[in-house]
Every structure is written in C-alpha cells, then in structure tokens.
Amino acid sequence: MKKFLIVIAATTAVQSLSAQDVKNLQILSFKTKKETMDFMKKTIAPSVGVKCSYCHNVRDFPSDEKNHKKITREMMLMTQRINENTIRRFPMSAEKAVLYAKENSDRFLEELKELVAIPSVSSDSNCLGEMKACAKFVENAISSIGFDRVEMVETKKHPIVHGEWLGAPGAPTVLLYGHYDVQPVDPLELWETPPFEASERDGRLYGRGTVDDKGQFYLHLKAMESWLSSSESLPVNMKVIIEGEEEVGSESLEPFLDDNREMLSADVAVISDTSMIKKGWPSITYGLRGIAYFQIDLKGPSQDLHSGIFGGAVKNPIHALTEIIGKLKDENGRISIPGLYDDVVEVTSEERADMAELPFEEELFLEEVGAPRLSWESGYTPLESLWCRPALDVNGIWGGFSGEGSKTVIPSEAHAKVSIRLVPNQEPDVIGDLLEAYVKDRSENARRSSVPGGSFPSRVCGRGQSP
Ligand SMILES: [Zn+2]
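Overview of the structure.

Along its length, the protein chain carries 15 helices and 15 strands. Going through the 467 residues of the protein chain one by one, you find that 28% of them count as buried. Considering only contacts in the protein chain between residues 6 or more positions apart, those separated by 24 or more positions represent 73%.

Here it is, written out as structure tokens:
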C-alpha cells in the first residue's frame, strides 16, 4: 500500500502541484521509512535530476523515524524543485491523458449510458441473459482499451471478467476491482425516469448502477484508455477484475481468487466501489464496514384470529415484534444488544481530527438524503457514525393485512429484516448470536434466522492504527 501511495504522491509532484497535493505529500511523508526514501532517491530524483537543497546532491536520507519531520521538510523542498524545474522532462505526463479524456468525454458518457441500459440485476433469475450481455459488454470494454488476457469466466452464477496490462516493468501492479451487477429497481413508481435509461438532470446522471458500481469502474477503465491512447502506456501495471455477484454476496469471487492467485497477484488492490466525499474532492476509502443481516420471526396464535372476537385478550405478534424492534436502539442512538460493542475498535484521536477537517456539511447532507432530520450516536459526529461505528437498521417489517380496505385480523405471525453494519473487529456470526440472545430474552416465541450475505468489516490502515 505504502509503495503505491508514494507513487501517487510522486507522480502528482512531477505533474503539477496544488496546495492539496503538497498537503497529501506531507501526510504521506510522515509515514515514510527507509524504503520510501530509497524509492524517492532511486526513482524520482534521478529521473528528474533533483538535488537536495542542502547538499545539492542526490543524498541519502536518514532512515531513523525520529527524523521524519526533517525528512518531510526535505521532501517538500525537493517537491518544489521538481515542480519548478523538471515537469517537462518527466516521461509520464498525465496532461495528454487528461486532454484525451476531455476530448472524448461525450463518448465516454454515451458508453456508460449503454452499460447502465443493461438490466443486470443479479438477484433476479429472469435476468440471466442480461447478466451475460453485461459481462460481454465489460469484456469488450476492457479489450478495446488495449488490455491483454481479457476473459469472461463462467461461474456457478454470473460471469467474472478480468484482464491485464503489464507493460510497465519495475512499476507496481495495481489490481482494480468492480462489479457490473446492480440492485433490484423496486419500487418502480418512485423513479422519476426509467431506471435503465440513464438520464441527466442538474449535472447528475440518474439510472440504476450509475453510482454503484457501473459509473465507478467505467470511469477507471476510461482513465486507463486515456493513458493508453494518448501515451501508449500506463504509469503502473494494471489488472482488472469485474464481478457480477456483489449485490448477492459475491459467492463465486472467493473461489475465483483462490484459483487464480498468481494471475491476480498485485502490490495493491483498489476497490472501485466507493464514493467521493464531495464533487471535485477525490477520496481514498481505506476501510469499509461489514454487515450482518437477519430476519426476526415472531409466532403468535396458531392461526389468524378475528379482532372482534379475540381482540383484547390475545397478544398480537406485530405488537410484540415492534416492542422488541423499538428497543433495539436507545435514545442516544446506541444499539441496546448487550455485548455488541465489546469488540469495536475505537476511532483514534488522529482519525477524528482528520475527519473533522473533511468538507462535511450537515445541511447539504440532509438535503441530499431528503430526510426530515439526521440522527446519529451521541458522543460522535455524523461522519464518525457513518464510517467508524456500528449501525442497526430495520429494513422491512411485515405481517397481517396490508391490502386495500380493512380486514380485522390478529395475525398469527410477524416478521422483520434487520441489518447491522459492523466495524473492526466485530464478526457477523458473533453479532448474530448476540441478536438471537437479545430477541429470545424478550419473547420465547421469537427467533432469528441469518440471511446469506454477511461480511466482515475491513480496513487497510488508518492514522495511529496498524493494519
Ligand atoms: Zn457496489
């Protein structure tokens, strides 16, 4: 990871240098050790002819961690000199790629719209043909930008597409991940425009999959095309893997990764399935919450009863279930399941300070989600609650009668779907057992069942924490 981040920082330095770039470089350089210094010295300095501002030579940087501040200052000075003197001499310039991307942006957008138009709903068994067509589209998209070994591999469910470009010997290899499948589109009536017709409104593109994840991985593919078409090369080696089961648990991905370890080996993996914190503010996500998903079933009378005859003397299972659900979170936004926070790794003060500097505006966020108000765990900020804390949500609740008109029924059962977002070091199975104990404690007629698709939280590393 480190090596790659440094490549970004170094590449940034020789292309153009904004205040933000300098800041990024500074943050990275605080983490650096001897390896970084060697890298700077061997790779960057000779290729651009930079000399240290102190001794006017490409010099040995101290490897001692205590000297980090000094190193940082030296790197900053070095960066400035790179920027001032040698941009033109560095062989890999993003300028041409950026120009190509700008000139072709209309075509890129039209292609993305074509991709969005394929209804690749992985959970819908009626969409098998569309899933294949979508995988084929992705295969063609990867081939057409000049990748080798492009292949669409059949799995038990939906095909996985992969390809590679290894024309940068000595440079790091990046494995890019994305997924071409999308979520179901229900409820259809809430769509302003058809879900599979990507349409532009107010500078945004609306359509199923545009931001999860067709837009993201297509953007990366087009960035690579821009490099390859304008410079016939990329600054790093690239391997790409785009799967079709992300929205249904990625069952085929793990065996595929196991079977192809060598082919997919890389210095760093980039997950192209995240978002930017703000328009024009590129963001690196270094951790993702996991999930545990359950259904809670509560049994009442052995059959549906008439409320006119039995109402008042029989416990209604919907009431019983909502009592349980209503108490899953307390008034401070904390989850009430005993033991749920036992394994939670607390967010560090450094991370909290970093997050506090991010451009999060509560009002804008509220406007974006269209909710009447925000609600988060007390003692934390909204961003900390979104990124670093567990979150419980009831995803659906049903039972009894919900059709047109009335039916005076006391239902025999009630159900709810509940998801819990997990943070390091929580484990889906442990959380499931805790939820089960909690539910059983409150009603002997309730039981929970796991829903397939739970996943562990993950993080690369954060400031002040080891990976
Ligand atoms: Zn996604």
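Let's pick the thread back up.
Looking now at the nonpolar core. With 38 residues, the main nonpolar core has Val 138, Ile 142, Leu 221, Met 238, Val 240 and Ile 242 as its most contacted residues. Of all the secondary-structure elements, those providing two or more residues to this core are helix H6 (105-116), helix H7 (128-144), strand S2 (160-165), strand S3 (173-179), helix H8 (214-231) and strand S6 (237-243). Looking at this core, the element that brings in the most residues is H7, giving six residues. Not counting residues up to four positions away in its chain, the partners in contact with Val 240 are Ile 142, Phe 147, His 162, Gly 163 and Leu 176. If you look at the next biggest cluster of nonpolar residues, it comprises 25 residues, including Ala 292, Phe 294, Cys 388 and Val 423.

Next up on the list: unusual backbone geometry. With omega at -5°, the peptide bond leading from Asp 186 into Pro 187 counts as cis. In this fold, Pro 187 is placed in the loop between S3 and strand S4 (199-201). In this structure, the amide linkage connecting Pro 424 to the following residue, Asn 425, adopts the cis form with an omega of 0°. Checked against the element boundaries, Asn 425 lands in the loop between strand S13 (413-422) and helix H15 (428-442). Phi angles above zero are rare outside glycine, and Glu 232 is one such case at about 55°.

The next subject is the sheet that holds strand S7 (residues 268-271). Taken together, the five strands give an open sheet; going across it, the order is S1-S2-S6-S3-S7, and neighbouring strands pair in mixed fashion. Looking at the sheet topology across the chains shown, the edges are occupied by strand S1 (148-153) and S7. Along the sheet, successive strands turn relative to each other by an average axial angle of 15°, direction set aside. Note: S1 against S2, four bridges, orientation antiparallel. Paired with Asp 148 across the strands is Glu 164, a residue of S2. This element, H7, spans S1, S2 and S6 of the sheet and lies at about 180° to S1.

A few words on the sheet that holds strand S9 (residues 290-299). One key point about sheets: their strands pair by backbone hydrogen bonds, in either a parallel or an antiparallel sense. The sheet built from four strands is open, its strands ordered S11-S13-S9-S14 with antiparallel pairing. One side of each edge strand has no neighbouring strand; the edge strands of this open sheet are strand S11 (391-399) and strand S14 (446-450). Taking the axes of each pair of neighbouring strands and ignoring which way they run, one obtains an average angle of 25° across the sheet. Taken together, the ten bridges between S9 and S13 define a ladder with antiparallel strand orientation. Considered in S13, the bridge of Tyr 293 is made with Ser 419.

Moving on: the environment of His 306. Along the chain, the position of His 306 falls in strand S10 (residues 305-306). Residue class for His 306 comes out exposed when judged on the 11 C-beta atoms lying within 10 Å of it. The spatial distance from the C-alpha of His 306 to the C-alpha of Pro 411 is 8.8 Å, given a sequence separation of 105 residues.

Attention shifts here to the pairing of S9. The pairing of S9 with S14 spans five bridges and is classified as antiparallel. Bridge assignment links Asp 297 to a residue of S14, and that residue is Arg 447.

The subject of this paragraph is the packing of H6 against H8. H8 packs onto H6 with a crossing angle of 140° between their chain directions and a minimal axis gap of 10 Å. The pairing of H6 with H8 is recorded here as oblique in orientation. Between H6 and H8 lies a crossing of right-handed hand. Taken together, the residues of H8 that come into contact with H6 (itself represented by Phe 108, Leu 112, Leu 115 and Val 116) are Lys 214, Gly 215, Tyr 218 and Lys 222.

Attention now goes to H15. Taking 1.5 Å of rise per residue, the 15 residues of H15 would be expected to cover 21 Å, and the 21 Å separating its terminal C-alpha atoms lies within 8% of that figure. Burial in H15 covers these residues: Ile 431, Leu 435, Tyr 438 and Val 439. For H15, the arc enclosing every buried residue in end-on projection is 95°, short of the 170-degree limit, so these residues lie on one face. Facing away from the buried side of H15, by more than 90 degrees, are the exposed residues Asp 429, Asp 433 and Asp 441. Looking at the buried side of H15, the elements it contacts are S9, helix H11 (317-326), S13 and S14.

All right, on to the pairing of S3 then. Among the seven residues that make up S3, six are buried, leaving the element largely enclosed by the rest of the structure. Here S3 runs beside S6; their pairing, made up of seven bridges, is parallel. Within S6, the residue paired with Tyr 177 across the bridge is Ile 241. Note: S3 against S7, four bridges, orientation parallel. The residue of S7 that forms the bridge with Leu 175 is Ala 269.

So, on to the packing of helix H5 (residues 94-103) against H8. In the contact formed by H5 and H8, the axes pass within 8 Å of each other and the chain directions differ by 115°. Between H5 and H8 the crossing geometry is right-handed. Contacts from Lys 96, Ala 97, Leu 99, Tyr 100 and Ala 101 in H5 reach Lys 222, Ala 223, Ser 226, Trp 227, Ser 229, Ser 230 and Ser 231 in H8. The residue inventory of the contact of H5 with H8, partitioned by class, reads six nonpolar, four polar and two charged.

Here we come to the environment of Glu 363. Position of Glu 363 relative to the elements: it lies in helix H13 (residues 362-369). For Glu 363, a count of 8 C-beta atoms within 10 Å translates into the label exposed. Residues Glu 363 and Arg 373, spaced ten residues apart in sequence, show a C-alpha to C-alpha distance of 9.4 Å.

Cut-offs and rules
- Residues numbered from 1 in each chain as written.
- Predicted model: local features only at pLDDT ≥ 70, side-chain atom pairs only at ≥ 80, totals over all residues.
- Helix = DSSP H or I, 4+ residues; strand = E, 2+ residues; numbered from the N terminus.
- Buried ≥ 20, exposed ≤ 12 C-beta atoms within 10 Å, placed from the backbone.
- Contact = placed C-beta atoms within 7 Å.
- Core = buried A, V, L, I, M, F, W, Y, C linked by C-beta atoms within 7 Å.
- Pairing = 2+ DSSP bridges.
- Axes fitted to C-alpha atoms, helices over the stretch in contact; angles between N-to-C directions.
- Parallel < 35°, antiparallel > 145°, perpendicular 65-115°, else oblique.
- Left-handed = near helix turned anticlockwise from the far one by under 90°.
- Expected span 1.5 Å × (residues − 1).
- Arc of directions from axis to C-beta.
- Nonpolar A, V, L, I, M, F, W, Y, C, P; charged D, E, K, R; others polar.

This is a description of form; function is not addressed.
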